[in-house]
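Architecture and fold: a report
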Amino acid sequence: MALLIIGIVVFLGIHLLPTFGGLRERLIEMLGANGYRAAFSVLSILGFVLLVYGFAKAPIIPIWTPQLGCGTWRCC
């Protein structure tokens, strides 16, 4: 479950980065346009991989279970 949460935070966090006005421009100045794009891409892919892997490993918690009896395929 922790990997799923970390994946969500990384993926959404990196995609919210352009909304912070000065931070994006400073990173482009430091890394260059291609360096920024490369870092953005790598972190996005890493976040997505963590998200998918964390989802696959997360425990299944049943919220609702169907009742057996009438209304199901085993009815009468």
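Residues numbered from 1 in each chain as written. Predicted model: local features only at pLDDT ≥ 70, side-chain atom pairs only at ≥ 80, totals over all residues. Heavy atoms only, no water.

1. Observations concerning the overall build of the chain
Each helix and strand counted, the chain has 3 helices and 0 strands in total. For the chain, the N- to C-terminal ordering of α and β elements is α-α-α. Of all 76 residues assigned to the chain, the portion counted as buried reaches 13%. Residue pairs at least 24 apart in sequence account for 64% of intrachain contacts in the chain once pairs closer than 6 positions are excluded. (Helix = DSSP H or I, 4+ residues; strand = E, 2+ residues; numbered from the N terminus. Buried < 20%, exposed > 50% of the residue type's maximum accessible area, 1.4 Å probe, protein only. Contact = heavy atoms within 4.5 Å.)

2. Some points on the packing of helix H2 (residues 21-31) against helix H3 (residues 33-57)
It is at 6 Å that the axes of H2 and H3 come closest, and there the two elements cross at 115 degrees. One element, H2, and the other, H3, form an angle in the roughly perpendicular class. As H2 packs across H3, the resulting crossing turns out to be right-handed. Two secondary-structure elements touch here, H2 through Arg24, Leu27, Ile28 and Leu31 and H3 through Ala33, Gly35, Tyr36 and Ala39. (Axes fitted to C-alpha atoms, helices over the stretch in contact; angles between N-to-C directions. Parallel < 35°, antiparallel > 145°, perpendicular 65-115°, else oblique. Left-handed = near helix turned anticlockwise from the far one by under 90°.)

3. Some points on the environment of His15
Here His15 is to be found in helix H1 (residues 2-16). In this structure His15 comes out as partly exposed when scored by relative accessible area, which is 35%. It is 9.7 Å that separates the C-alpha atoms of His15 and Leu43, two residues lying 28 residues apart in sequence. The residues touching His15, leaving out its near neighbours within four places in the chain, are Phe40 and Ser44. One polar contact links the side chain of His15 to the main-chain carbonyl oxygen of Phe11, over a distance of 2.8 Å. (Polar contact = N/O pair within 3.5 Å; in protein donor to acceptor, adjacent residues only side chain to side chain.)

4. Structural notes on the confidence of the model for the chain
Mean pLDDT over the chain works out to 88, with 88% of the residues at or above the 70 mark. By mean pLDDT, the top-scoring element of the chain is H3 (95), and the lowest-scoring one is H2 (90). (pLDDT = per-residue confidence, 0-100.)

5. Considering the packing of aromatic side chains
Scanning the model with the defined rule gives 2 aromatic pairs in all. Consider the rings of Tyr36 and Phe40, whose centres lie 6.0 Å apart with planes at 35 degrees: the pair is tilted. Here Tyr36 pairs with Phe40, and both are found in helix H3, just 4 residues apart, close to one helical turn. According to the relative accessible area criterion, Tyr36 is buried, its value standing at 8%. (Phe/Tyr/Trp six-rings, centres within 6.5 Å; stacked < 30°, edge-to-face > 60°.)

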